[in-house]
Amino acid sequence: MASQIREWSGINTFAPATQTKLFELLGKLKQEDVNTLTILVMGKGGVGKSSTVNSIIGERAVSISPFQSEGTRPVMVSRSRAGFTLNVIDTPGLIEGGYINDVALDNIKRFLLNKTIDVLLYVDRLDAYRVDNLDREVVKAITGSFGKGIWNKALVVLTHAQLAPPDGLPYDEFFSKRSEALLKAVRLGAGLKKADVQGSAIPVVLVENSGRCNKNEADEKVLPNGIAWIPHLVQVITDIALNGSKSIFVDKALIEGPNPNDRGKLLIPLILVIQYFFAIKPIERAIRNDIAKESRPSWELRDSDKFSRKF
Ligand code: GDP
Ligand code: MG
(Lines give C-alpha, C1' and ligand atoms only; values in the text may rest on other atoms or scores of the structure.)
(Ligands and ions follow the chains in the order given, each with its own letter.)
Protein backbone atom coordinates (compact mmCIF):
# COMPACT_ATOMS: atom_id res chain seq x y z
CA MET A 1 0.00 0.00 0.00
CA ALA A 2 1.31 3.37 -1.02
CA SER A 3 0.76 4.90 2.41
CA GLN A 4 3.14 2.39 3.99
CA ILE A 5 5.98 3.00 1.59
CA ARG A 6 8.69 5.20 3.01
CA GLU A 7 9.75 8.40 1.33
CA TRP A 8 12.87 8.01 -0.79
CA SER A 9 14.77 10.59 1.19
CA GLY A 10 18.12 8.95 0.45
CA ILE A 11 18.19 10.89 -2.83
CA ASN A 12 18.95 13.97 -0.73
CA THR A 13 22.29 12.48 0.30
CA PHE A 14 23.54 12.57 -3.30
CA ALA A 15 25.47 15.50 -4.73
CA PRO A 16 23.11 18.14 -6.17
CA ALA A 17 24.28 17.41 -9.72
CA THR A 18 23.49 13.70 -9.20
CA GLN A 19 20.08 14.54 -7.72
CA THR A 20 19.19 16.70 -10.72
CA LYS A 21 20.03 13.86 -13.12
CA LEU A 22 18.05 11.33 -11.05
CA PHE A 23 14.96 13.54 -10.97
CA GLU A 24 15.27 13.95 -14.74
CA LEU A 25 15.30 10.17 -15.16
CA LEU A 26 12.32 9.72 -12.82
CA GLY A 27 10.52 12.34 -14.89
CA LYS A 28 11.31 10.40 -18.06
CA LEU A 29 9.88 7.20 -16.54
CA LYS A 30 6.72 8.96 -15.39
CA GLN A 31 6.33 10.49 -18.83
CA GLU A 32 6.21 6.95 -20.20
CA ASP A 33 3.63 6.02 -17.55
CA VAL A 34 6.10 4.01 -15.51
CA ASN A 35 5.27 4.84 -11.89
CA THR A 36 6.78 1.77 -10.27
CA LEU A 37 10.04 0.04 -10.94
CA THR A 38 11.05 -3.26 -9.38
CA ILE A 39 14.72 -4.11 -9.58
CA LEU A 40 15.96 -7.59 -8.72
CA VAL A 41 19.59 -7.85 -7.61
CA MET A 42 21.28 -11.23 -7.98
CA GLY A 43 24.74 -12.77 -8.10
CA LYS A 44 27.24 -14.76 -6.10
CA GLY A 45 27.88 -14.02 -2.41
CA GLY A 46 30.16 -11.18 -1.37
CA VAL A 47 30.24 -9.44 -4.75
CA GLY A 48 28.58 -6.27 -3.48
CA LYS A 49 24.87 -6.86 -4.11
CA SER A 50 23.69 -5.40 -0.80
CA SER A 51 26.14 -2.50 -1.01
CA THR A 52 24.82 -1.68 -4.49
CA VAL A 53 21.23 -1.68 -3.16
CA ASN A 54 22.28 0.79 -0.45
CA SER A 55 24.12 2.94 -2.99
CA ILE A 56 21.03 3.22 -5.18
CA ILE A 57 18.69 3.96 -2.27
CA GLY A 58 21.18 6.37 -0.71
CA GLU A 59 20.93 4.93 2.78
CA ARG A 60 21.94 1.82 4.66
CA ALA A 61 18.71 -0.02 3.93
CA VAL A 62 20.07 -3.58 3.89
CA SER A 63 22.91 -5.09 5.85
CA ILE A 64 26.24 -5.70 4.23
CA SER A 65 28.87 -8.13 5.31
CA PRO A 66 32.48 -8.71 4.44
CA PHE A 67 31.87 -12.37 5.23
CA GLN A 68 29.58 -14.47 3.13
CA SER A 69 26.87 -14.98 5.73
CA GLU A 70 23.94 -13.32 4.06
CA GLY A 71 21.22 -15.67 5.27
CA THR A 72 18.98 -17.25 2.69
CA ARG A 73 16.13 -14.77 2.44
CA PRO A 74 15.57 -11.90 0.03
CA VAL A 75 14.68 -8.42 1.28
CA MET A 76 12.70 -5.82 -0.61
CA VAL A 77 13.38 -2.14 -0.02
CA SER A 78 10.62 0.18 -1.22
CA ARG A 79 10.85 3.95 -1.40
CA SER A 80 8.61 6.49 -3.06
CA ARG A 81 9.32 9.96 -4.32
CA ALA A 82 7.25 12.39 -6.33
CA GLY A 83 4.62 9.76 -7.09
CA PHE A 84 7.20 7.23 -8.17
CA THR A 85 7.88 3.97 -6.31
CA LEU A 86 11.19 2.16 -6.43
CA ASN A 87 11.41 -1.42 -5.19
CA VAL A 88 14.83 -2.99 -4.94
CA ILE A 89 15.05 -6.66 -4.04
CA ASP A 90 18.30 -7.76 -2.45
CA THR A 91 18.90 -11.49 -2.53
CA PRO A 92 21.26 -13.94 -0.84
CA GLY A 93 24.25 -15.18 -2.83
CA LEU A 94 23.48 -18.07 -5.13
CA ILE A 95 26.63 -20.05 -4.45
CA GLU A 96 27.47 -22.03 -1.38
CA GLY A 97 30.38 -24.39 -1.02
CA GLY A 98 31.03 -24.31 -4.73
CA TYR A 99 27.48 -25.24 -5.69
CA ILE A 100 24.22 -23.47 -6.42
CA ASN A 101 22.42 -22.81 -3.14
CA ASP A 102 19.07 -24.38 -3.96
CA VAL A 103 17.47 -23.27 -0.69
CA ALA A 104 18.34 -19.64 -1.40
CA LEU A 105 17.13 -19.96 -5.00
CA ASP A 106 13.87 -21.49 -3.85
CA ASN A 107 13.33 -18.73 -1.29
CA ILE A 108 13.99 -16.11 -3.95
CA LYS A 109 11.44 -17.64 -6.30
CA ARG A 110 8.81 -17.88 -3.55
CA PHE A 111 9.49 -14.31 -2.47
CA LEU A 112 8.98 -13.11 -6.02
CA LEU A 113 5.62 -14.82 -6.47
CA ASN A 114 3.11 -12.40 -8.03
CA LYS A 115 5.76 -9.72 -8.38
CA THR A 116 6.97 -8.24 -11.63
CA ILE A 117 10.68 -7.90 -12.34
CA ASP A 118 11.31 -4.82 -14.42
CA VAL A 119 15.09 -4.90 -14.31
CA LEU A 120 17.65 -7.50 -13.23
CA LEU A 121 21.00 -6.37 -11.90
CA TYR A 122 23.44 -9.23 -12.26
CA VAL A 123 26.26 -8.26 -9.92
CA ASP A 124 29.89 -9.35 -9.93
CA ARG A 125 33.22 -7.69 -9.16
CA LEU A 126 35.36 -5.82 -11.64
CA ASP A 127 38.49 -6.93 -9.82
CA ALA A 128 38.00 -10.62 -10.46
CA TYR A 129 40.29 -12.04 -13.05
CA ARG A 130 38.63 -15.27 -13.90
CA VAL A 131 35.30 -16.39 -15.19
CA ASP A 132 34.58 -20.01 -14.48
CA ASN A 133 31.98 -22.69 -14.58
CA LEU A 134 30.39 -21.38 -11.39
CA ASP A 135 29.51 -18.09 -13.10
CA ARG A 136 27.81 -20.02 -15.83
CA GLU A 137 25.93 -22.10 -13.24
CA VAL A 138 24.60 -18.96 -11.53
CA VAL A 139 23.38 -17.60 -14.86
CA LYS A 140 21.85 -20.97 -15.68
CA ALA A 141 20.00 -21.01 -12.34
CA ILE A 142 18.59 -17.52 -12.97
CA THR A 143 17.56 -18.46 -16.51
CA GLY A 144 16.04 -21.73 -15.30
CA SER A 145 13.95 -19.81 -12.77
CA PHE A 146 12.70 -16.87 -14.82
CA GLY A 147 13.26 -17.80 -18.46
CA LYS A 148 15.62 -16.47 -21.09
CA GLY A 149 13.52 -13.32 -21.42
CA ILE A 150 14.97 -12.03 -18.17
CA TRP A 151 18.19 -11.24 -20.03
CA ASN A 152 16.36 -8.68 -22.17
CA LYS A 153 15.70 -6.90 -18.88
CA ALA A 154 19.18 -7.30 -17.44
CA LEU A 155 22.36 -5.38 -16.93
CA VAL A 156 25.63 -6.53 -15.49
CA VAL A 157 26.98 -4.48 -12.58
CA LEU A 158 30.68 -4.65 -11.79
CA THR A 159 31.55 -3.44 -8.29
CA HIS A 160 34.95 -2.48 -6.84
CA ALA A 161 35.39 -0.34 -9.94
CA GLN A 162 37.93 2.01 -8.37
CA LEU A 163 41.00 0.00 -9.17
CA ALA A 164 44.30 0.22 -10.91
CA PRO A 165 44.34 -2.61 -13.47
CA PRO A 166 47.17 -5.14 -13.23
CA ASP A 167 50.16 -5.19 -15.58
CA GLY A 168 49.72 -1.51 -16.43
CA LEU A 169 46.67 -2.24 -18.61
CA PRO A 170 44.65 0.88 -19.47
CA TYR A 171 41.48 1.07 -17.34
CA ASP A 172 39.04 0.96 -20.25
CA GLU A 173 40.83 -1.97 -21.83
CA PHE A 174 40.73 -3.91 -18.56
CA PHE A 175 37.03 -3.08 -18.19
CA SER A 176 36.18 -4.23 -21.69
CA LYS A 177 38.18 -7.48 -21.34
CA ARG A 178 36.47 -8.29 -18.03
CA SER A 179 33.04 -7.41 -19.49
CA GLU A 180 33.58 -9.56 -22.56
CA ALA A 181 34.60 -12.57 -20.49
CA LEU A 182 31.62 -12.22 -18.18
CA LEU A 183 29.12 -11.59 -20.98
CA LYS A 184 30.37 -14.70 -22.71
CA ALA A 185 29.66 -16.69 -19.54
CA VAL A 186 26.19 -15.10 -19.40
CA ARG A 187 25.46 -16.00 -23.02
CA LEU A 188 26.65 -19.57 -22.51
CA GLY A 189 24.95 -20.03 -19.13
CA ALA A 190 21.67 -18.62 -20.40
CA GLY A 191 21.89 -20.49 -23.69
CA LEU A 192 21.43 -17.21 -25.55
CA LYS A 193 21.94 -17.01 -29.24
CA LYS A 194 22.68 -13.67 -30.85
CA ALA A 195 19.05 -13.47 -31.96
CA ASP A 196 17.83 -13.96 -28.36
CA VAL A 197 19.38 -10.73 -27.20
CA GLN A 198 17.10 -8.08 -28.62
CA GLY A 199 18.79 -5.07 -30.08
CA SER A 200 22.18 -4.55 -28.59
CA ALA A 201 24.05 -6.62 -26.05
CA ILE A 202 23.49 -6.71 -22.29
CA PRO A 203 24.95 -3.47 -20.86
CA VAL A 204 27.72 -3.58 -18.29
CA VAL A 205 27.88 -0.80 -15.69
CA LEU A 206 30.66 0.01 -13.24
CA VAL A 207 29.97 0.73 -9.59
CA GLU A 208 32.14 1.80 -6.65
CA ASN A 209 30.31 1.32 -3.37
CA SER A 210 33.21 2.26 -1.15
CA GLY A 211 32.97 5.44 0.93
CA ARG A 212 36.40 6.22 -0.44
CA CYS A 213 35.13 6.60 -3.98
CA ASN A 214 36.71 9.60 -5.71
CA LYS A 215 34.59 12.65 -6.40
CA ASN A 216 34.57 15.24 -9.17
CA GLU A 217 34.44 19.01 -8.74
CA ALA A 218 30.64 18.81 -8.49
CA ASP A 219 31.07 16.40 -5.55
CA GLU A 220 29.69 13.46 -7.54
CA LYS A 221 31.18 10.01 -7.01
CA VAL A 222 33.30 9.21 -10.06
CA LEU A 223 35.18 6.23 -11.47
CA PRO A 224 38.78 6.28 -12.68
CA ASN A 225 37.40 6.98 -16.19
CA GLY A 226 35.67 10.13 -14.92
CA ILE A 227 32.10 8.82 -15.16
CA ALA A 228 29.69 9.81 -12.37
CA TRP A 229 28.47 6.30 -11.78
CA ILE A 230 25.22 6.75 -9.82
CA PRO A 231 23.39 8.72 -12.53
CA HIS A 232 24.93 6.48 -15.18
CA LEU A 233 23.65 3.34 -13.42
CA VAL A 234 20.16 4.81 -13.04
CA GLN A 235 20.26 5.94 -16.68
CA VAL A 236 20.96 2.38 -17.87
CA ILE A 237 18.27 1.00 -15.53
CA THR A 238 15.81 3.51 -17.03
CA ASP A 239 16.81 2.55 -20.58
CA ILE A 240 16.18 -1.11 -19.80
CA ALA A 241 12.85 -0.37 -18.15
CA LEU A 242 11.80 1.44 -21.32
CA ASN A 243 13.41 -0.89 -23.89
CA GLY A 244 10.12 -2.41 -24.98
CA SER A 245 10.85 -5.97 -23.83
CA LYS A 246 8.30 -7.41 -21.47
CA SER A 247 8.90 -7.30 -17.72
CA ILE A 248 8.91 -10.71 -16.09
CA PHE A 249 5.78 -11.50 -14.09
CA VAL A 250 6.51 -14.29 -11.64
CA ASP A 251 3.44 -16.49 -11.47
CA LYS A 252 2.95 -19.91 -9.90
CA ALA A 253 3.52 -21.69 -13.18
CA LEU A 254 6.87 -19.99 -13.53
CA ILE A 255 8.19 -20.96 -10.11
CA GLU A 256 6.54 -24.34 -9.69
CA GLY A 257 6.39 -25.52 -13.26
CA PRO A 258 9.21 -27.00 -15.22
CA ASN A 259 12.07 -24.91 -16.44
CA PRO A 260 10.29 -22.17 -18.43
CA ASN A 261 12.67 -22.76 -21.31
CA ASP A 262 11.52 -26.37 -21.47
CA ARG A 263 7.80 -25.67 -21.38
CA GLY A 264 7.49 -26.52 -25.07
CA LYS A 265 8.55 -30.05 -24.24
CA LEU A 266 5.21 -30.61 -22.45
CA LEU A 267 3.57 -30.48 -25.87
CA ILE A 268 5.58 -33.41 -27.19
CA PRO A 269 3.09 -36.18 -26.13
CA LEU A 270 0.23 -34.16 -27.59
CA ILE A 271 2.11 -33.70 -30.85
CA LEU A 272 2.77 -37.46 -30.99
CA VAL A 273 -0.94 -38.23 -30.53
CA ILE A 274 -1.88 -35.72 -33.23
CA GLN A 275 0.73 -37.21 -35.54
CA TYR A 276 -0.67 -40.69 -34.91
CA PHE A 277 -4.24 -39.83 -35.80
CA PHE A 278 -3.65 -37.33 -38.56
CA ALA A 279 -0.53 -38.64 -40.24
CA ILE A 280 0.33 -42.22 -39.37
CA LYS A 281 -3.25 -43.57 -39.40
CA PRO A 282 -4.17 -42.09 -42.81
CA ILE A 283 -0.89 -43.35 -44.27
CA GLU A 284 -1.55 -46.85 -42.91
CA ARG A 285 -5.04 -46.74 -44.35
CA ALA A 286 -3.73 -45.61 -47.71
CA ILE A 287 -1.18 -48.42 -47.75
CA ARG A 288 -3.81 -51.00 -46.85
CA ASN A 289 -6.05 -49.71 -49.63
CA ASP A 290 -3.21 -49.82 -52.08
CA ILE A 291 -2.38 -53.37 -51.15
CA ALA A 292 -6.01 -54.44 -51.46
CA LYS A 293 -6.34 -52.81 -54.86
CA GLU A 294 -3.04 -54.07 -56.18
CA SER A 295 -3.25 -56.78 -58.73
CA ARG A 296 -0.65 -59.25 -57.65
CA PRO A 297 2.11 -59.87 -60.20
CA SER A 298 2.27 -63.31 -61.71
CA TRP A 299 5.65 -64.14 -60.19
CA GLU A 300 4.28 -63.54 -56.76
CA LEU A 301 1.35 -65.83 -57.33
CA ARG A 302 3.76 -68.42 -58.69
CA ASP A 303 6.15 -68.03 -55.73
CA SER A 304 3.43 -68.11 -53.12
CA ASP A 305 2.16 -71.20 -54.83
CA LYS A 306 5.59 -72.80 -54.47
CA PHE A 307 5.75 -71.67 -50.94
CA SER A 308 2.48 -73.26 -49.95
CA ARG A 309 3.30 -76.43 -51.83
CA LYS A 310 6.63 -76.90 -50.09
CA PHE A 311 5.19 -76.72 -46.61
P1 GDP B 1 26.89 -9.25 -1.10
O2 GDP B 1 27.22 -10.48 -0.35
O3 GDP B 1 26.96 -9.51 -2.57
O4 GDP B 1 25.60 -8.62 -0.68
O5 GDP B 1 28.07 -8.21 -0.81
P6 GDP B 1 28.11 -7.01 0.24
O7 GDP B 1 27.41 -5.82 -0.31
O8 GDP B 1 27.68 -7.49 1.59
O9 GDP B 1 29.67 -6.66 0.20
C10 GDP B 1 30.64 -7.57 0.59
C11 GDP B 1 31.89 -6.79 1.02
O12 GDP B 1 32.43 -6.08 -0.08
C13 GDP B 1 31.59 -5.74 2.09
O14 GDP B 1 32.67 -5.71 2.97
C15 GDP B 1 31.49 -4.45 1.31
O16 GDP B 1 31.89 -3.33 2.08
C17 GDP B 1 32.48 -4.69 0.18
N18 GDP B 1 32.11 -3.99 -1.05
C19 GDP B 1 30.96 -4.11 -1.74
N20 GDP B 1 30.98 -3.36 -2.85
C21 GDP B 1 32.17 -2.74 -2.87
C22 GDP B 1 32.80 -1.81 -3.78
O23 GDP B 1 32.26 -1.41 -4.81
N24 GDP B 1 34.06 -1.39 -3.46
C25 GDP B 1 34.70 -1.82 -2.35
N26 GDP B 1 35.92 -1.34 -2.12
N27 GDP B 1 34.16 -2.68 -1.46
C28 GDP B 1 32.90 -3.14 -1.73
MG1 MG C 1 24.15 -9.23 0.63
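Since the model is a prediction, treat every value here as computed from it, not as a measurement. Sequence positions are assigned chain by chain, starting from 1 and proceeding in written order. Naming scheme: in the order in which they are written, chains are lettered from A and ligands are numbered from 1. For a predicted model such as this one, the threshold for reporting local features is a pLDDT of at least 70, and the threshold for listing and counting side-chain atom pairs is 80 or more; totals across whole chains, interfaces and linings nevertheless cover every residue. Excluded from the side-chain calculations are hydrogens and water; all other atoms, namely the structure's heavy atoms, are used.

(A) Representation of the packing of aromatic side chains in the model. The rule is short: rings of Phe, Tyr and Trp, with Trp giving its six-membered ring, pair when the centres are within 6.5 Å, and they are stacked under 30 degrees, edge-to-face over 60, tilted in between. Here the structure, examined in full by the defined rule, presents three aromatic pairs. Residues Y122 and W151 carry aromatic rings whose centres are separated by 6.0 Å and whose planes lie at 70° to one another, so their mutual orientation is edge-to-face. With a gap of 29 residues between them, Y122 in strand β8 (residues 119-125) and W151 in the loop between α4 (133-146) and β9 (154-159) connect regions that are remote in the sequence. One exposure class covers both Y122 and W151, and it is buried. Where Y129 meets F174, the ring centres are 5.8 Å apart and the plane angle is 55°; that geometry is what we call tilted. Placement of the pair is Y129 in the loop between β8 and α4 and F174 in helix α5 (residues 171-190), with a sequence separation of 45 residues. Classification of Y129 by relative accessible area gives exposed; the value is 55%. Secondary structure elements follow DSSP: runs of H or I no shorter than four residues count as helices, runs of E no shorter than two count as strands, and numbering proceeds from the N terminus. The classification of residues rests on relative accessible area computed with a 1.4 Å probe and restricted to protein chains. Under 20% of the type maximum is buried, over 50% is exposed, and intermediate values are partly exposed.

(B) Representation of a nonpolar patch on the surface in the model. Excluding any residue in a salt bridge, patches collect residues exceeding 30% relative accessible area, merging like charges within 9 Å and nonpolar Val, Leu, Ile, Met, Phe, Trp and Tyr side chains within 5 Å. In these tables, accessible area is a Shrake-Rupley quantity obtained with a 1.4 Å probe, and a residue counts as shielded only by the protein chains included in the view. Just to be clear on terms, a salt bridge is a Lys or Arg side-chain nitrogen sitting within 4 Å of an Asp or Glu carboxyl oxygen. On the surface, L267, L270, I271, V273, I274, Y276, F277, F278 and I280 cluster together into a nonpolar patch covering about 900 Å² of accessible area. For L267, a relative accessible area of 46% puts it in the partly exposed group.

(C) Focus on the UniProt feature "binding site: Mg(2+)" (unreviewed entry) in the chain. UniProt positions are given in the numbering used here, feature names are shortened, and annotations may be inferred rather than shown by experiment. Look at the UniProt record and you will see "binding site: Mg(2+)" (unreviewed entry) annotated at S50 and Q68. Lining residues of the largest pocket drawn from the annotated set just named are S50 and Q68. Among the secondary structure elements, S50 is positioned in helix α2 (residues 49-57). Using a relative accessible area of 8% as the deciding quantity, one classes S50 as buried. The method works on a 1 Å grid over the protein atoms by themselves. A cavity is a set of points holding a 1.4 Å probe that cannot get out, a pocket is an open set with protein on both sides within 12 Å along at least five of seven lines, and residues with an atom within 4 Å of a point line them.

(D) Representation of the pairing of strand β3 (residues 75-81). Taking burial as the measure, the seven residues of β3 include five buried ones, the bulk of the element. Sheet analysis places strand β1 (residues 6-7) next to β3, joined by two bridges and oriented parallel. Its bridge partner being in β3, E7 is matched across the sheet by S80. In short, DSSP must find at least two bridges between two strands for them to pair. Bridging between β3 and strand β4 (residues 84-90) involves seven bridges; their strand directions are antiparallel. Bridging across to β4, V77 finds its partner in V88.

(E) Representation of helix α3 (residues 102-111). Residues A104, L105, N107, I108 and K109 constitute the buried set of α3. Contacts from the buried residues of α3 go to β2 (36-43), β6 (99-100), α4 and α7 (252-256). Definition of a polar contact: a pair of N or O atoms within 3.5 Å, with one able to donate and the other able to accept a hydrogen when the atoms are protein atoms, and with sequence-neighbouring residues admitted only if both atoms are side-chain atoms. By the N-cap criterion, in which a side-chain oxygen at the helix start approaches the backbone nitrogen of a residue two or three places on, α3 is capped by N101, the distance to V103 being 3.3 Å. Note on contacts: a residue pair is in contact if any heavy atoms of the two residues lie within 4.5 Å.

(F) Spatial organisation of the packing of helix α1 (residues 16-31) against helix α6 (residues 229-241). Orientation of α1 relative to α6, taken along the N-to-C sense of each, is 5°, at an axis distance of 9 Å. One finds that α1 runs roughly parallel with respect to α6. Contacts between α1 and α6 involve T18, K21, L22, L25, K28 and L29 on the former and, on the latter, I230, P231, V234, Q235, T238, D239 and A241. Its residues assigned to classes, the contact of α1 with α6 comprises seven nonpolar, three polar and three charged. Orientation is described by lines fitted to C-alpha atoms, with helices fitted over the stretch in contact, and by angles between N-to-C directions that extend from 0 to 180 degrees. Note on angle classes: values under 35 degrees are labelled roughly parallel, values over 145 roughly antiparallel, values of 65 to 115 roughly perpendicular, and the remainder oblique. Here the nonpolar group is Ala, Val, Leu, Ile, Met, Phe, Trp, Tyr, Cys and Pro; Asp, Glu, Lys and Arg are the charged ones; every other residue, Gly included, is treated as polar.

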